[in-house]
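Each chain, written out:
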Amino acid sequence: MLLSSLNLLSCRKFVKSVNLIRLYTLTALAYSNPTPIEEEGTFNAHHQNSLEEKRTFINHHFSESDTLKVVQLLNNFKDEPRLAFSFFNHLKGSGFCHDPFAYAAIVRIFCYWGWVKELDYILLEIIRKDTEFDFEIVNLFEALADGIEGESSNVLVQVSDALVKVYVIAGMFDEAKDFLFETKCSGFIPCILSVNFLMNKLILCGKVDLAIDTYRDLKSLGLSPNEYTYTIAVKGFCRKCSFDKALDVLQEMEEVGFTSNAFAYTTYIEGLCRNGRTDSGREVLRFCITQKIPIGVFAYTVVVRGFCNEMKLEDAESILHDMERQGFAPDMYIYSALISGYCTVRNLLKALHLLDEMVSKGIKPNCVILSSILQGLSQMGRASEVADEFNKLKEMGIPLDGACYNIAMDALCKLGKVEEAMTLLVEMEDKHMVPDIINYTTLINGYCLKGNMVNALRLFKAMKDGGHNPDIITYNVLASGLARNGLAEEVHNLLCYMETQGVKPNTVTHNLIIEGLCIGGKVDDAEAFLDNLEEKCLENYSAMVSGFCEANHLKEALGLFIRLAKQGFIVKKASCVKLLQSLCSEGRIEKAVSLLETMMVLNVNPSKIMYSIVIGALCQEREMKEAQRYLDMMVTRGMIPDLITYTIMINGYCKVNCLREAYHLLYDMKSRGIELDVITYTVLLDNWSKISLRNSNSGSYTIEGKENMMSPSELWGEMKDMDIKPDVKCYTVLIDKHCKTNNVQEAVSFFNEMIDRGIEPDTVTYTALLSGHCNTGDIEKAEVLIDEMSYKGIQLDSRAESLCQCILKARKVQFRKSETW
């Protein structure tokens, strides 16, 4: 062949001739199918030869030993990068094996033209060993180093930086680090940007130790970290909770001249806050402010978010006010964190206040914020408020997403307003919002809860017809609805249909059917369903126990529990709780206690709620010694009784006239840091007045252990000190107490105070004050109260009606006396 006999110099001269230009152009055209990374239309040739003809053409002009010729041709394609790349790929596709020098030639072209994507493609091919010619990446660099004079150094830096990125993309982190620290041997130093890229990606991928090692080895490369390098190192040390070392990096930055770096300090603050050290993050933020480091809104945001995650919402809100004082405007993300935090602790009033404040400042809330508020209301069981708030947001023109619509649909379904929920589905479609499986499932569940299985099944069909394939949750909702409505045969048909659709019923499906059939009055069918299950598990039997309880078959529930217990199996705690509650509500306290004892004999620790149920039942029966025994047992087993359990016990002791024991529990609560609420104080106030009244009626004017107790006035004062707001029941207790001791003036004072606080008196409150006025013979004020009740539409109870009769009689007596006069 002609070209094989030419040396490098003659080849360069010869290729300028028309004939050879035609030869390598035809060579490139011979294999003109573009590669995956070439853009469409890169090489628009329409050669008509067959594949075999093309291969023959290539093999005729280029043998495997003709790599020098290929390199020279590629070099002459320097000004035609697309042609060069096609030529390179088509040769490779024909079976020609390129050597490192051919790869070096095409790489130089990419570097010259700035073809980053194509360069990455070639390097990735080499490191993944996708080439037929067996060589290492180091061979490519050797070939590049021997390249065209004056270009090698710049090309080597470009390729080394690209190679680090490609190694990282391929997940070859160790190879990337090894390569960086081997480049020094090649006579050039990599760019610091490559090192930064590697360190940052290592941290993001959880390889923090390797990132920190890279940072520590920088000096061996002769590289000086820049501001971004230091910032990445701070992030790495924070991820390892090495905050002292992160602080050392910040100090080193200042020592080398990088002062007041807001980005690095913000990263440090974020690291502290992400690891539950938001108090420290706040101190660093304050330091930045005093040192006039130009900290941005994001630093405030991470501190607010940190406090919200730690449920320190007042601290979070104080940061919001601090940033406003510093001249920064809070953004949507800060409000989002605060609103979500208040929703989590179910302080919806505060969350709604923040929403209003946010909107008033012209900050448009996103759907995450709105769904948090709606979901918070829903979780608190305030379905009607969910619907109202949803409508309010719509009227304000705030865009709502599918999640918000779904929460509103669910609320309406819980209120039994399924048809209204259906209108929201239509509304979504009108707004070109595509309803998803969740929306349909929510509505299907709504129909099931109403017992309207015809519409539930109709919607199920519409869902499928609309191209939405029901998932296991949808099937479970439908199966549960059919079962709860006693449609055992339809349940069986649905299970068969599920199988044909490739959806396998799971344990949850079976449990919902078992409990549902029991609720639907088909206990025998539920038992038969359980017996016919091919694979039974303890959860299925737990569902049967719960089902028996739902159907009020307590004998069967207890019998199944005992049979399983004798075999060493204890049903799920949720089922045990339901069984205990059912036994206690039916007054079968001994059986409930026996159940609890059985669990302890089998070394199964009852949960706190189980103890609380039994303690509550014993207190109801005034079995305070037994109740105290189980309370002590809870504490011994490491379970601290909650506020409700303590309050039940205190009330129980008060009922049996044991105030000393009640107050002992009160002080025990306080010592454990359990904050009292209005119910606990109301219980103490109510029982103190009743005990005092009983003692005064019996002629006894002392209360045992009174010196260790708090008087009603002391209790009331403590409530005010702790900012515990009394409710209508608490005020009613005080009003009733003063009326029964003929201190009606004080009762009226409390009555007026509650109205001033915006608390509306109920029937019991009016009746208590009405009784006081009647006892003191103040008929006119009693009549005013009755007129007021009538005006407000407050219904009279039996006691109030009796008092009205007394007032009427008293009026008649007064009228007769006046006639006598």
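Residues numbered from 1 in each chain as written. Predicted model: local features only at pLDDT ≥ 70, side-chain atom pairs only at ≥ 80, totals over all residues. Heavy atoms only, no water.

Engineer: What should I look at first to understand helix α6 (residues 100–113) in this one?
Structural biologist: For an α-helix the count is 3.6 residues per turn, leaving residues at separations of three or four pointing the same way. With 14 residues, α6 extends 20 Å from end C-alpha to end C-alpha; this agrees with the ideal 20 Å at 1.5 Å per step. Within α6, 11 of the 14 residues are buried, which leaves the element mostly enclosed by the surrounding structure. Considered for burial, the residues of α6 that qualify are Pro-100, Ala-102, Tyr-103, Ala-104, Ala-105, Ile-106, Val-107, Arg-108, Ile-109, Phe-110 and Cys-111. (Helix = DSSP H or I, 4+ residues; strand = E, 2+ residues; numbered from the N terminus. Expected span 1.5 Å × (residues − 1). Buried < 20%, exposed > 50% of the residue type's maximum accessible area, 1.4 Å probe, protein only.)

Engineer: Explain the confidence of the model for the protein here, please?
Structural biologist: Should the pLDDT be low somewhere, the predicted coordinates at that spot are not to be read in detail. On average, residues of the protein score 81 in pLDDT, and 84% of them are at 70 or above. Mean pLDDT across the elements of the protein bottoms out in helix α1 (residues 8–14) (34) and peaks in helix α27 (residues 472–484) (95). Note on residues 1–51: pLDDT under 50 across the span, and 71 contacts to partners over four residues away in sequence or across chains. Long-range and interchain partners of residues 696–707, a stretch whose pLDDT sits below 50, account for 13 contacts in this model, where long-range means more than four residues apart. (pLDDT = per-residue confidence, 0-100. Contact = heavy atoms within 4.5 Å.)

Engineer: Explain unusual backbone geometry here, please?
Structural biologist: In most cases, non-glycine residues show a negative phi, while peptide bonds are predominantly trans. Notably, Arg-346 is not glycine yet its phi reads approximately 65 degrees, a positive angle. Within the secondary structure, Arg-346 is located in the loop between α19 (332–344) and α20 (348–360). By relative accessible area, which is 43% here, Arg-346 ends up partly exposed.

Engineer: Please clarify how the side chain of Thr-267 should be interpreted in this entry.
Structural biologist: Structurally, Thr-267 is set in helix α15 (residues 262–274). Among the residues examined, Thr-267 registers a relative accessible area of 9% and is labelled buried. Every residue in contact with Thr-267, bar those within four places of it in the chain, is listed here: Thr-231, Val-234, Lys-235 and Cys-238.

Engineer: When you look at the pattern of salt bridges in this model, what are you seeing that I'm missing?
Structural biologist: Any two side chains of opposite charge can pair, on the condition that their charged atoms come close. Under the counting rule described, the total for this entry stands at 27 salt bridges. Of the charged contacts, one joins Lys-312 and Asp-279 as a salt bridge, the two residues approaching to 2.9 Å between their closest N and O atoms. Residue Lys-312 is located in the loop between α17 (297–309) and α18 (313–325), and its partner Asp-279 is located in helix α16 (residues 278–290); the two are separated by 33 residues in the primary sequence. Its relative accessible area of 32% is what places Asp-279 among the partly exposed residues. Where Glu-427 meets Lys-431, a salt bridge forms, and the shortest distance between an N and an O atom there is 3.8 Å. Take Glu-427: its relative accessible area is 21%, and that puts it in the partly exposed class. A residue is classified by how much of its surface remains accessible, and Lys-431, at 45% relative accessible area, is partly exposed. One network of salt bridges, with partners in common, ties together Asp-279, Arg-282, Glu-310, Lys-312 and Asp-315. (Salt bridge = Lys/Arg side-chain N within 4 Å of Asp/Glu carboxyl O.)

Engineer: It is not clear to me how the environment of Trp-115 should be interpreted in this structure. Could you clarify?
Structural biologist: For Trp-115, the position within the fold is in the loop between α6 and α7 (116–127). A sequence separation of 34 residues divides Trp-115 from Pro-81, and the C-alpha atoms of the two residues are 9.1 Å apart.

Engineer: What is the right way to look at the nonpolar core in this model?
Structural biologist: Here is a general trend for soluble globular proteins: nonpolar side chains tend to be buried in one another's company. Ile-339, Ile-373 and Tyr-630 are the most contacted members of the largest nonpolar core, which has 258 residues in total. Not counting the four nearest positions on each side in its chain, Ile-339 is found in contact with Ala-351, Leu-354, Leu-355, Met-358, Ile-369 and Ile-373. (Core = buried A, V, L, I, M, F, W, Y, C linked by side-chain atoms within 4.5 Å.)

Engineer: Would you mind showing me how to read the packing of helix α11 (residues 192–204) against helix α12 (residues 208–216) here?
Structural biologist: Between two packed helices, what matters for the description is the angle formed by their axes and the separation of those axes. Close contact between α11 and α12 brings their axes to 7 Å; oriented N to C, the two are set at 155 degrees. The angle between the axes of α11 and α12 places the two elements in the roughly antiparallel class. Once α11 is placed against α12, the crossing between them reads as left-handed. For the pair α11 and α12, the contacting residues are Val-195, Leu-198, Met-199, Leu-202 and Ile-203 in the first and Val-208, Leu-210, Ala-211, Thr-214 and Tyr-215 in the second. Within the contact of α11 with α12, the residues separate by chemical class into 9 nonpolar, 1 polar and no charged. (Axes fitted to C-alpha atoms, helices over the stretch in contact; angles between N-to-C directions. Parallel < 35°, antiparallel > 145°, perpendicular 65-115°, else oblique. Left-handed = near helix turned anticlockwise from the far one by under 90°. Nonpolar A, V, L, I, M, F, W, Y, C, P; charged D, E, K, R; others polar.)

Engineer: Mind showing me how you'd approach the side chain of Lys-177 here?
Structural biologist: On the secondary structure map, Lys-177 appears in helix α10 (residues 173–182). Assessed through its relative accessible area of 13%, Lys-177 is described here as buried. At 3.2 Å, the side chain of Lys-177 forms a polar contact with the side chain of Asp-217. With near-sequence residues (within four places) excluded, Lys-177 lies in contact with Leu-198, Leu-210, Asp-213, Thr-214 and Asp-217. (Polar contact = N/O pair within 3.5 Å; in protein donor to acceptor, adjacent residues only side chain to side chain.)

Engineer: Looking at this structure, I do not really get the packing of α17 against α18. What am I missing?
Structural biologist: Where α17 contacts α18, the two axes come as close as 7 Å, and the packing angle between them is 165 degrees. One way to sum up the angle between α17 and α18 is to call them roughly antiparallel. As α17 runs across α18, the sense of the crossing is left-handed. Here Val-297, Tyr-300, Val-303, Val-304, Phe-307 and Cys-308 of α17 lie close against α18, whose contacting residues are Leu-313, Asp-315, Ala-316, Ile-319, Leu-320 and Met-323. Tallied by class, residues from the contact of α17 with α18 come to 11 nonpolar, no polar and 1 charged.

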